[in-house]
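# Examining the three-dimensional arrangement
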Amino acid sequence: MKRIIQTTLAGAIGLGVAFSALAGPVDDQAAFQKYYESRFPNTPTEDFANGVYSILPEAREQWESIEEFPPYELAIENGEKLYHSKFANGKSLADCFGPEGAVRGQYPFWDKDRGMVMTMERAVNECREANGEKPYRWKKGKIADVTAYMSFNSRGQEVKVEIPTDDSRALAAYEDGKEHFYTKRGQLNFACADCHLLTAGNLYRADTTSPAFGHATSWPVFRSKWQSMGTLHRRFAGCHNNIRANPYKAQGTEYSNLEYFVTYMSNGLEFNGPAARK
Amino acid sequence: MKNGLKNIALGLALMSPLAFAGNGTTAAHIEAATGAYKQVAKETSYQWTVTVQAIKAAKKALEQGDDAGARRLAHEAMNLVNATRSQAKIEAETWQMRVPK
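The structure displayed is predicted, hence computed values, not measured ones. (Residues numbered from 1 in each chain as written. Chains lettered and ligands numbered in written order. Predicted model: local features only at pLDDT ≥ 70, side-chain atom pairs only at ≥ 80, totals over all residues.)

Within chain A, the regular secondary structure consists of 11 helices and seven strands. Against the compact-globule benchmark of 19 Å for 278 residues, chain A has a radius of gyration of 20 Å, which places it among compact chains. Principal-axis analysis of the C-alpha atoms gives chain A an extent of 80 × 45 × 35 Å. Burial statistics for chain A: of 278 residues in total, 42% are counted as buried. (Helix = DSSP H or I, 4+ residues; strand = E, 2+ residues; numbered from the N terminus. Rg over C-alpha atoms; globule rule 2.2 N^0.38 Å. Buried ≥ 20, exposed ≤ 12 C-beta atoms within 10 Å, placed from the backbone.)

Below, the structure written as structure tokens:
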């Protein structure tokens, strides 16, 4: 009898794992968001877009005072100049993204023709290259300034990443990003999920880890630690360095798929970048 | 054939740290650790920063004539490569446990 119970239990656990593995993006997202809402019941759902400040009242006051004279303001101004400055052929980024570049809500998306995730940073550099200009470097500097301007003009747009059902490669990219998020790496043996899901809100030395729900809404970011602006992929690389894993290439497949997954998980929130973070 | 033998030698080195710690020049040990590091990275995409640091430190020690120190660092690098491989294997089988249901 005991053996039958054990076998049944093992089967049930096995099926549970199997069902979990087979759960689609919609179910993943619902379970993901529900997890944070249960874990942080005092945080209004829309406030998760504010990162760690959505769960840390004592730091929020300081952050709000920083936001009164935000350190990313210069980046927005510089980004505006770069956005409207003419290429050698007389065109500008405005010819690709409209007069204000308020397109944040369209990214990232699945580019069916090329079979890859398209990020806003990549789109900016492809616009430049298509007009005979050199691409910006991926992680900081001009790319962060230009996208700060574009994100600022896009504030309030809804995060609504789609995983097209008519292209299995899109789901594969999503699944790749999902696996990346939950997989431990580096000598310190951490997954993104360890810090930003399972122990979100806990202290790691002097820092409280932020919830991953809302992680993708506020980029680019001015980080006090960097004393400069940086893109989401710069942050991914920094996290990997922290856990002693070699970072992947910014805008490479790994980080682009990770961005696809992380942003999809924040569907329903609003884009609110650029932002200031510790 | 040449590649086959190379792979067997690499496999043996990965499977047995004791075998690896045996004969051969220190330079060969560093090369074996470097090869194993690249192999694991290629197979699993897992790479640890500390392994690269250990390999670099081993090369530097050898250049400075510290053969024993270089050999110790090469072995340390090989141990880190083995740990990386184990991590990749375990994670491939267990990461789904962390997904909220």
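For the rest of this paragraph, the subject is the overall build of chain B. Across its full length, chain B holds five helices and zero strands. Reading chain B from its N end, one meets helices and strands in the order α-α-α-α-α. Across the 101 residues in chain B, those meeting the buried criterion constitute 31%. For chain B, contacts bridging at least 24 residues in sequence account for 64% of all contacts bridging at least 6. (Contact = placed C-beta atoms within 7 Å.)

With that settled, the discussion passes to the environment of Ala58 of chain B. Residue and element names in this part refer to chain B. Along the chain, the position of Ala58 falls in helix H4 (residues 49-63). Sequence separation between Ala58 and Arg71 is 13 residues; the distance between their C-alpha atoms is 6.9 Å. If sequence neighbours within four positions are ignored, Ala58 has contacts with Ile30, Ala70, Leu73, Ala74 and Ala77.

If you look at the interface, chain A gives 21 residues, while chain B gives 13 residues. When residues of the side of chain A that touches chain B are traced back to their parent elements, those giving at least two are helix H1 (2-22), helix H2 (25-39), helix H8 (168-182) and helix H9 (192-198) of chain A. When grouped by side-chain class, the residues that make up the side of chain A that touches chain B number 10 nonpolar, seven polar and four charged. (Nonpolar A, V, L, I, M, F, W, Y, C, P; charged D, E, K, R; others polar.)

Bringing the sheet that holds strand E6 (residues 228-230) of chain A into the picture now. One key point about sheets: their strands pair by backbone hydrogen bonds, in either a parallel or an antiparallel sense. Residue and element names in this part refer to chain A. Spatial strand order, E6-E5-E7: three strands in an open sheet with mixed pairing. Each of the sheet's edge strands pairs with one partner strand only, and the pair in question is E6 and strand E7 (275-277). Strand-to-strand, the axes of this sheet are offset by a mean angle of 35°, without reference to chain direction. Relative to E7, strand E5 (residues 221-223) is paired through three bridges, and the arrangement is parallel. (Pairing = 2+ DSSP bridges. Axes fitted to C-alpha atoms, helices over the stretch in contact; angles between N-to-C directions.)

Next up on the list: helix H7 (residues 142-153) of chain A. All names here are of chain A. Relative to the 16 Å expected for 12 residues at 1.5 Å per residue, H7 spans 17 Å between its end C-alpha atoms, a close match to the ideal helical length. Turning to H7, its buried residues are Ile143, Ala144, Asp145, Val146, Thr147, Ala148, Tyr149, Met150, Ser151, Phe152 and Asn153. Buried residues belonging to H7 abut helix H4 (73-84), helix H5 (94-97), helix H6 (120-130) and E6. (Expected span 1.5 Å × (residues − 1).)

Turning our attention to the nonpolar core. Residue and element names in this part refer to chain A. Ranked by size, the top nonpolar core spans 59 residues in total, and within it Phe181 and Phe261 carry the most contacts. Both of domain 1 (26-69 + 164-277) and domain 2 (73-153) provide at least three residues apiece to this core. Ignoring sequence-local partners within four residues, the contact set of Phe261 consists of Tyr174, Gly177, Lys178 and Phe181. (Core = buried A, V, L, I, M, F, W, Y, C linked by C-beta atoms within 7 Å. Domains from an automatic or database assignment.)

The next subject is the confidence of the model for chain B. Residue and element names in this part refer to chain B. Here chain B averages 86 in pLDDT, while 77% of its residues score no lower than 70. Throughout residues 12-19 the model reports pLDDT below 50, and contacts reaching past four residues in sequence, or to other chains, amount to nine contacts. Per the prediction output, this complex has pTM 0.88; the corresponding ipTM is 0.84. (pLDDT = per-residue confidence, 0-100.)

Here we come to the packing of helix H3 (residues 26-44) of chain B against H4 of chain B. Residues and elements named next belong to chain B. Relative orientation of the contacting elements H3 and H4 amounts to 160°, with a least axis distance of 10 Å. By the criterion of interaxial angle, the relationship of H3 to H4 is roughly antiparallel. Like other packed secondary-structure pairs, H3 and H4 cross with a definite hand, here left-handed. Note on element contacts: H4 touches H3 through Thr51, Ile55, Ala58, Lys59 and Leu62, opposite Thr26, Ala27, Ile30, Ala33, Thr34 and Tyr37. Of the residues in the contact of H3 with H4, the class split is seven nonpolar, three polar and one charged. (Parallel < 35°, antiparallel > 145°, perpendicular 65-115°, else oblique. Left-handed = near helix turned anticlockwise from the far one by under 90°.)

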